[in-house]
Amino acid sequence: MTIYYVLIILILLAALLLHGERARNTAFILIAVALLFCVYGFRDAEMIGHDSSSSYLHQFQRLEGTSWDEMPTIKDWLSTDQDDANDTSDTDDYRIGHERNFAFRWLMKAVYDLTDGDFQFFITIIAVFVMVVFAQFIYRYSPSPAQSILYYFGLMYYTMMFSVLKQSIAMAFILLAFNAITDRKLFRFVILVLVASMFHFPAIAFLPAYWIARMRPGRTYILLLAALLVLTYVFRDQIVRWAQDTYETNLHDASTTRFLANKVIVMLVIIIAAVVIRPPSAEDTVYCSILMLIGIAAVLQTYAGYSNNFERLADYYFQLSVVFIPMVFENVKTKRRYLSERELALVRRAGPYLFGAFAIWRFLNTISGDSAFNPYQFYFQAEKAGETLAAWANLL
């Protein structure tokens, strides 16, 4: 656990010394993201993380002797016939369930061939891409990068990246797609979402975001959410079957307590707090866009009672909250007001500290008893560190 305490302390110290609460503080963002990358990208990939140290490692190792002719193609991604995804025969072991994520398999194969099978290098280049995109995202949108990084911890997106490699890449592409929404570049948006879905097919669920984000709070949006809730309830069995085929897993109708314990409560709290503290207005375009998309995340999250895979689906929308929550506490004038000036000043002063403290507590409490994160070990502490360094040297 020591490394995680040190990471948080160094980030808080950097925020204090470099005014991390000031919008777009470049020096703070560079230092903080570099610290995040060191712990994330230089971890022992065969030891730290859930899926990355088990299933992904196994898939990477199975590439030995695999030719490019055996790899999935874009035709598999376009195909509606995914029956072969459930085939567990040994004759086609590598292709099992991976047709829809062919771009990820191509990346894995390319790195395997370039590095002679160095899994650590594969993990590190993914970390570089994810961290660079995250840095530009908070630089462009967050009024408080320090808060955004704390919420990155507290909402568990940082720990998620240690495990779900396909989705971490896809989520980074979705952040780039959000740039296209704010820039009003429809073609670029569609291309980025499609690329994201080639790494992790469920990212295709973000495709309606371009039009939803351009809506504004009001009767039309409320009716849209109500219609989505009704439709998802009426067609819940079909949606669950679609998710089962997409995620290539068996889903079951879990108890409703799982739904109550999931992030939907957090989402609703954030939405209500946002409307009360900083009432949306037509001129507040980015703020309103993210608010609209977080509402969609809350609808998707209601299906977490079937499987946590639906939580991952909602995260494509909800990840935007790492910059949205600091916006809620930003000192801006609004036409509508639900709180007095004194109340607003108190909330804006105390809110970030309370939310930040909760985020730190939740992050540390979650990973404290998780063997996938403790004891932490850097890759250069592992026995195979020399092989990784040699692979990097050969590429350079």
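Along each chain, residues carry numbers from 1 onward, in the same order as the chain's sequence is written. The model is predicted, so local features are restricted to residues of pLDDT at least 70 and side-chain atom pairs to those at 80 or more, both for listing and for counting; the totals for chains, interfaces and linings are taken over all residues. With hydrogens and water excluded, all non-hydrogen atoms of the structure serve as input to the side-chain values.

A count of helical and extended segments in the protein chain gives 20 helices and zero strands. Exposure is judged per residue with a 1.4 Å probe applied to protein chains only, and the accessible area is read against the type maximum: over 50% gives exposed, under 20% gives buried, and values in between give partly exposed. Burial status across the protein chain gives 52% buried among its 396 residues. Contacts in the protein chain between residues at least 24 apart in sequence constitute 77% of all its contacts with a sequence separation of at least 6. Put simply, DSSP marks the helices as runs of H or I at least four residues long and the strands as runs of E at least two long, and each gets a number from the N terminus on. Here a residue-residue contact requires only that any non-hydrogen atoms of the pair lie within 4.5 Å.

What follows concerns the packing of aromatic side chains. Between the rings of Phe, Tyr and Trp (Trp by its six-membered ring), a pair exists once the centres lie within 6.5 Å; its type follows the angle of the planes, with under 30 degrees stacked, over 60 edge-to-face, and the other angles tilted. In the structure shown here, the tally under the stated rule is 33 aromatic pairs. Summarising the aromatic geometry, the rings of F129 and F173 are spaced 5.1 Å apart at their centres and angled 45° between planes, so their arrangement reads as tilted. One end of the pair, F129, is in helix α6 (residues 119-141); the other, F173, is in helix α9 (residues 165-182), with 44 residues separating them in the sequence.

Another aspect to go through is the pattern of salt bridges. Salt bridges are counted wherever a side-chain nitrogen of Lys or Arg sits within 4 Å of a carboxyl oxygen of Asp or Glu. If you walk through the whole model with that rule in mind, you get five salt bridges. The shortest N-O distance in the salt bridge between D113 and K109 comes to 3.3 Å. Here the residue D113 and the residue K109 both occupy positions in helix α5 (residues 102-115), the gap between them amounting to four residues, near one helical turn. Its relative accessible area of 4% is what places K109 among the buried residues. Ionic pairing is found between R140 and D183, a salt bridge with its closest N-O pair at 2.4 Å. Here R140 is found in helix α6, whereas its partner D183 is found in the loop between α9 and α10 (186-199), with 43 residues between them in sequence. The network of salt bridges with shared partners includes R140, D183 and R188.

As a further point, take a nonpolar patch on the surface. Patch definition: residues with relative accessible area over 30% and no salt bridge; like charges joined within 9 Å; nonpolar side chains (Val, Leu, Ile, Met, Phe, Trp, Tyr) joined within 5 Å. Computed with a 1.4 Å probe, the accessible areas rest on the Shrake-Rupley method; for each residue, only the protein chains presented here act as cover. A surface patch of nonpolar side chains, about 580 Å² in accessible area, is lined by I265, L268, V269, I272, V275, V276 and Y338. Take I265: it is sitting in helix α15 (residues 264-277). With a relative accessible area of 40%, I265 lands in the partly exposed category.

What follows is about helix α19 (residues 341-368). The span one expects for a helix is its residue count, reduced by one, times 1.5 Å. Between its first and last C-alpha atoms α19 spans 41 Å; for 28 residues at 1.5 Å apiece the expected length is 40 Å, and the two agree. Maximum bend of α19: about 35°, positioned at A350, with proline P352 one to four residues after it. Within α19, burial applies to L344, R348, G351, P352, G356, A359, I360, F363, L364 and I367. Looking at the buried positions of α19, the neighbouring elements they touch are α1 (2-18), α7 (145-154), α8 (157-161) and α15. Here the bend at a residue is taken as the angle between two axes, fitted respectively to the seven residues that end there and the seven that start there.

What follows deals with the side chain of R43. Checked against the element boundaries, R43 lands in the loop between α2 (26-41) and α3 (55-61). Pairing of N or O atoms within 3.5 Å defines a polar contact, subject to two protein rules: one partner must be a possible hydrogen donor and the other a possible acceptor, and residues neighboring in sequence count only if both atoms are side-chain atoms. Engagement of the side chain of R43 in a polar contact is seen with the backbone oxygen of F162, the distance being 3.1 Å.

With that settled, consider the environment of P217. Turning to its location among the elements, P217 is positioned in the loop between α11 (209-212) and α12 (219-234). Since its relative accessible area comes to 35%, P217 is described here as partly exposed. Along the sequence, P217 and P280 sit 63 residues apart, while their C-alpha atoms lie 7.1 Å from each other. Beyond its immediate chain neighbours, meaning those up to four positions away, P217 contacts P280, C288, L291 and M292.

Here we come to the nonpolar core. For the purposes of this section, nonpolar cores are sets of buried Ala, Val, Leu, Ile, Met, Phe, Trp, Tyr and Cys residues that join through side-chain atoms within 4.5 Å. With 118 residues, the main nonpolar core has L36, Y152, F153, Y158 and F206 as its most contacted residues. The element that contributes the greatest number of residues to this core is α6, accounting for 14 residues.

What follows concerns the packing of α2 against α6. All axes here are fitted lines through C-alpha atoms, helices being fitted over the stretch that makes contact, and every angle between N-to-C directions spans 0 to 180 degrees. Where α2 contacts α6, the axes come no closer than 10 Å and their chain directions differ by 155°. With respect to their mutual orientation, α2 and α6 come out roughly antiparallel. The hand of the α2/α6 crossing is right-handed. Between α2 and α6, the contacting residues are T26, I29, V33, L36, F37, Y40 and G41 on the first element and Q120, T124, I126, A127, V128, V130, M131, F134, A135, I138 and Y139 on the second. Counted by class, the contact of α2 with α6 contains 14 nonpolar, four polar and no charged residues. With respect to orientation, any angle under 35 degrees is reported as roughly parallel, any angle over 145 as roughly antiparallel, any angle of 65 to 115 as roughly perpendicular, and every other angle as oblique. Crossings are assigned a handedness: left-handed for a near helix turned anticlockwise from the far helix by less than a right angle, right-handed for a clockwise turn. Each residue gets one label: Ala, Val, Leu, Ile, Met, Phe, Trp, Tyr, Cys and Pro are nonpolar, Asp, Glu, Lys and Arg are charged, and the others, such as Gly, are polar.

For every residue, the predictor states its confidence as a pLDDT score lying anywhere from 0 to 100. On average, the protein chain scores 79 in pLDDT, and the residues at 70 or more come to 76%. Across the protein chain, the element-wise mean pLDDT spans from 44 in helix α14 (residues 256-261) up to 94 in α9. When the criterion is pLDDT under 50, residues 82-97 qualifies, and its contacts beyond four places in sequence or with other chains add up to 23 contacts. With pLDDT under 50 throughout, residues 251-261 is counted as low confidence; its partners more than four residues away or in other chains account for 22 contacts.

With 14 residues, α10 ought to run about 20 Å at 1.5 Å a step, and its terminal C-alpha atoms sit 20 Å apart, in line with that. Every buried residue belonging to α10 is among F189, L192, V193, A196, S197, M198 and F199, and all of these are buried.

Here we take up unusual backbone geometry. Within the chain, M156 stands out as a residue other than glycine whose phi angle is a positive 70°. Structurally, the position occupied by M156 is in the loop between α7 and α8. Not every positive phi belongs to a glycine, and R184 is a case in point at roughly 60°.

Quick look at the environment of I169 now. Tracing the chain through its elements places I169 in helix α9. In contact with I169, not counting residues within four places along its chain, are F104, L107, I126, F129, V130 and F199.

With respect to the secondary-structure elements, S289 resides in helix α16 (residues 285-301). A distance of 2.9 Å separates a polar side-chain atom of S289 from the backbone oxygen of A213. At 2.9 Å, the side chain of S289 and the backbone oxygen of T285 are in polar contact. Excluding its chain neighbours within four sequence positions, the residues that come into contact with S289 are A213 and R216.

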